[in-house]
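As a plain string of letters, each chain reads:
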Amino acid sequence: MRTGWKIAAVLLLAVVGAAYWLLIDNRTGPIAERPIDIGALRRAAAAMPGPRPDAIDLEIVAQGTSPATLLVAGGGFGKAGIAAVAFRVRGPGGTVLIDSGLTREQAGTLDMTDYDAAAQQRVEAAMDSADHIVFTHEHYDHIGGFAASRGMANNAAKLFLPRTQYLPLAAELGRAGKSAQALPPPVERQGATALAPGVAVMPMPGHTPGSQLIYVALASGREYLFPGDVTSMERNLSETRGRSRLVADWLAPENRRAVIGWIKGLRTLQARTPGLTIAFQHDRDWLLRQRNDGAFHIGFGDPARVQARKPAGQAQTTSVQAAPFADGPAFSSLTQGAAG
Ligand SMILES: [Zn+2]
């Protein structure tokens, strides 16, 4: 009997220990910071001749919830709102699309069951009219919308495609029943590379081999960083928390130490760079707040048309008045998401 209790106690400890290791542990002390050379990004972005972009739009394609501790290790067992998005950088010098949304099936796999097919259609139209398309990394919730899009073959030449993203994208095209023949030759590069006036990219391997940091400087001087899923959630950065090992080592394997090193680098950069906006593109609560922040225009609808409707839609509250595109096409889906 006594032996039985001892075995039970040891088993219980093992289960608790494993749960702590897989879901909660976030000791980052010994992990070296990976510095981010924003000077190199600024120089690359400035090297491309032409007018810098005016604005960045954001379109939310899918929403759902996930246990917080999965994407933010030790972040608690409550539910966190998650979402999938694409960004459109636009101005007189052209348009750059950052990431491409995903299909309804892919969203469902990630428990983002609130899927906005019309929003994904707008992302497809934005790919058709974009000058450049760039992916933060080669996971299906970022490249899946491109792979599944009707205009894929026509738009492939617009891709900025690092060699590290090439094969995963070709595989995703295969899953979508498409040929990879239209893909451009992959880009070989090191350090910061100019993509368009005011836009530059540098490798940030860790979450995936092809992860990259995208930098945008608007004509207004406002600066943005898109680190993809290095910081999916705002708490990854504000609390220096990586993903849980269950996700980082098993479900969606990544180099967790590299990711935490980059998070430390982003923190240092953020502290030194007032006014820098860092995108947390799976963080539904953060995305919803952007409609009042003014850093992003909400939705991929025609900005001129949306702006013309502004006065009638904004007479209600001051928080809505602060949003330049509050009654844009995606606003209703945003509001529904917040309620749901
Ligand atoms: Zn992702």
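Position numbers for residues start from 1 in each chain and track the written sequence from start to end. Restriction of local features to residues with pLDDT of at least 70 applies here, the model being predicted, together with a cutoff of 80 or more for giving and counting side-chain atom pairs; totals for whole chains, interfaces and linings are based on all residues. Where side-chain values are given, they derive from all heavy atoms of the structure, hydrogens and water being excluded.

## Concerning the layout of surface pockets
Unoccupied space between atoms shows up once a probe the size of one water molecule is rolled over them. Cavity means a closed set of points on a 1 Å grid over the protein atoms alone, one where a 1.4 Å probe fits but cannot get out, pocket means an open set with protein on both sides within 12 Å along at least 5 of 7 lines, and lining means a residue has an atom within 4 Å of a point. Grid points are joined across faces, edges and corners, and a volume is the space filled by probe spheres set on the points. Its volume calculated, the largest pocket comes out at about 460 Å³. Numbering of helices and strands runs from the N terminus; a helix is a DSSP stretch of H or I covering at least four residues, while a strand is a stretch of E covering at least two. Broken down by element, the residue count for the lining of the largest pocket peaks at 3 residues, all from strand S1 (residues 55–67). Residues were grouped as follows: Ala, Val, Leu, Ile, Met, Phe, Trp, Tyr, Cys and Pro as nonpolar; Asp, Glu, Lys and Arg as charged; and all remaining residues, including Gly, as polar. Looking at the lining of the largest pocket residue by residue, the classes come out as 10 nonpolar, 6 polar and 4 charged.

## Focus: the side chain of Asp57
Along the chain, the position of Asp57 falls in strand S1. Here a polar contact means two N or O atoms within 3.5 Å. Within protein one must be a hydrogen donor candidate and the other an acceptor candidate, and residues neighboring in sequence count only if both atoms are side-chain atoms. A polar contact is formed between the side chain of Asp57 and the side chain of Arg90, at a distance of 2.7 Å. In this structure Asp57 touches Ala86, Phe87, Arg88, Arg90, His297, Gly299 and Phe300, once residues within four positions along its chain are discounted. It only takes one pair of heavy atoms within 4.5 Å for two residues to be counted as in contact.

## A closer look at the coordination of the zinc ion
The coordination sphere of the zinc ion, as far as protein atoms go, consists of Asp141 (OD), His142 (NE2), Asp229 (OD) and His282 (NE2), spread over 2.0 to 2.1 Å. Sequence spacing among the residues donating to the zinc ion works out to D-H-x86-D-x52-H. Type-normalised accessible area, obtained with a 1.4 Å probe on protein chains alone, sets the label of each residue: buried when under 20%, exposed when over 50%, and partly exposed for intermediate values. Owing to a relative accessible area of 7%, Asp141 belongs among the buried residues under this scheme. When its relative accessible area of 1% is taken as the criterion, His142 is described as buried. Here the term donor refers to an N, O or S atom within 2.8 Å of the metal (or 3.2 Å for Na, K and Ca), and because water is left out of the atoms, sites may appear incomplete.

## A word on the pairing of strand S8 (residues 199–203)
Counting buried residues in S8 gives 4 out of 5 residues, a clear majority hidden from the surface. Paired strands are those between which DSSP finds at least two bridges. Looking at chain direction, strand S7 (residues 193–196) and S8 are connected through 3 bridges and run antiparallel. Note on S8: the bridge partner recorded for Thr193 is Val201. Linking S7 back to S8 in an antiparallel pair, the connection comprises 2 residues, with Gly198 at a positive phi of about 80°. Examined bridge by bridge, S8 and strand S9 (residues 212–217) share 5 bridges and lie antiparallel to one another. The partner of Met202 across the bridge, within S9, is Leu213.

## Here we look at empty space enclosed by the protein
Within this structure, the stated rule accounts for 1 cavity of 30 Å³ or more. When its volume is computed, the largest cavity comes out at roughly 60 Å³. As for the largest cavity, its lining consists of Pro51, Arg52, Pro53, Val89, Gly93, Gly94, Thr95, Val96, His132, Ala196, Pro197 and Val199. The residue makeup of the lining of the largest cavity, split by class, is 7 nonpolar, 4 polar and 1 charged.

## Thoughts on unusual backbone geometry
Its identity is not glycine, yet Asp99 carries a phi of approximately 65°, on the positive side. With respect to the element layout, Asp99 can be found in the loop between strand S3 (94–98) and helix H4 (104–109). Take Asp99: its relative accessible area is 0%, and that puts it in the buried class. A positive phi is found at Thr240, a non-glycine position, where the angle reads about 45°. If you trace the backbone, Thr240 turns up in the loop between helix H9 (234–238) and helix H10 (245–251).

## Some remarks on the packing of aromatic side chains
Here is the rule: rings of Phe, Tyr and Trp (six-membered ring for Trp) pair when centre to centre is within 6.5 Å. Planes less than 30 degrees apart are stacked, more than 60 are edge-to-face, and the remainder are tilted. Counted under the stated rule, the structure contains 8 aromatic pairs. Relative to Phe146, the ring of Phe135 has its centre 5.7 Å away and its plane inclined at 65°; by these criteria the two rings are edge-to-face. Of this pair, Phe135 sits in the loop between strand S5 (132–134) and helix H6 (140–148) while Phe146 sits in helix H6; the two residues are 11 residues apart in sequence, bridging distant segments of the chain. Note on accessibility: Phe135 and Phe146 belong to one class, buried. Centre to centre, the rings of Tyr224 and Phe296 are 5.4 Å apart; their planes meet at 65°, and the pair counts as edge-to-face. Note that Tyr224 is positioned in strand S10 (residues 223–226) and Phe296 in the loop between helix H12 (284–293) and strand S12 (297–298), a separation of 72 residues in sequence. Its relative accessible area of 1% is what places Tyr224 among the buried residues.

## Let's talk about the confidence of the model for the chain
Known as pLDDT, the predictor's per-residue confidence is scaled from 0 to 100. When pLDDT is averaged along the chain, the result is 87, and 88% of the positions lie at 70 or above. Across residues 305–340 the pLDDT falls below 50, and counting only partners more than four positions away or on other chains, this stretch makes 54 contacts in the model.

## Overview of the pattern of salt bridges
Here, a salt bridge means any Lys or Arg side-chain nitrogen found within 4 Å of an Asp or Glu carboxyl oxygen. In the structure shown here, the tally under the stated rule is 12 salt bridges. The partner of Glu124 in a salt bridge is Arg150, and the shortest N-O contact between them spans 3.8 Å. Taken together, the residues span a long stretch of sequence, with Glu124 in helix H5 (residues 117–129) and Arg150 in the loop between H6 and helix H7 (152–155) at a distance of 26 residues. Residue Glu234 is joined to Arg289 by a salt bridge in which the shortest nitrogen-to-oxygen separation is 2.5 Å. Placement of the pair is Glu234 in helix H9 and Arg289 in helix H12, with a sequence separation of 55 residues. For Glu234, a relative accessible area of 28% puts it in the partly exposed group. Its relative accessible area of 42% is what places Arg289 among the partly exposed residues. Salt bridges here are not isolated pairs; linked through shared partners, they connect Asp57, Arg88 and Arg90.

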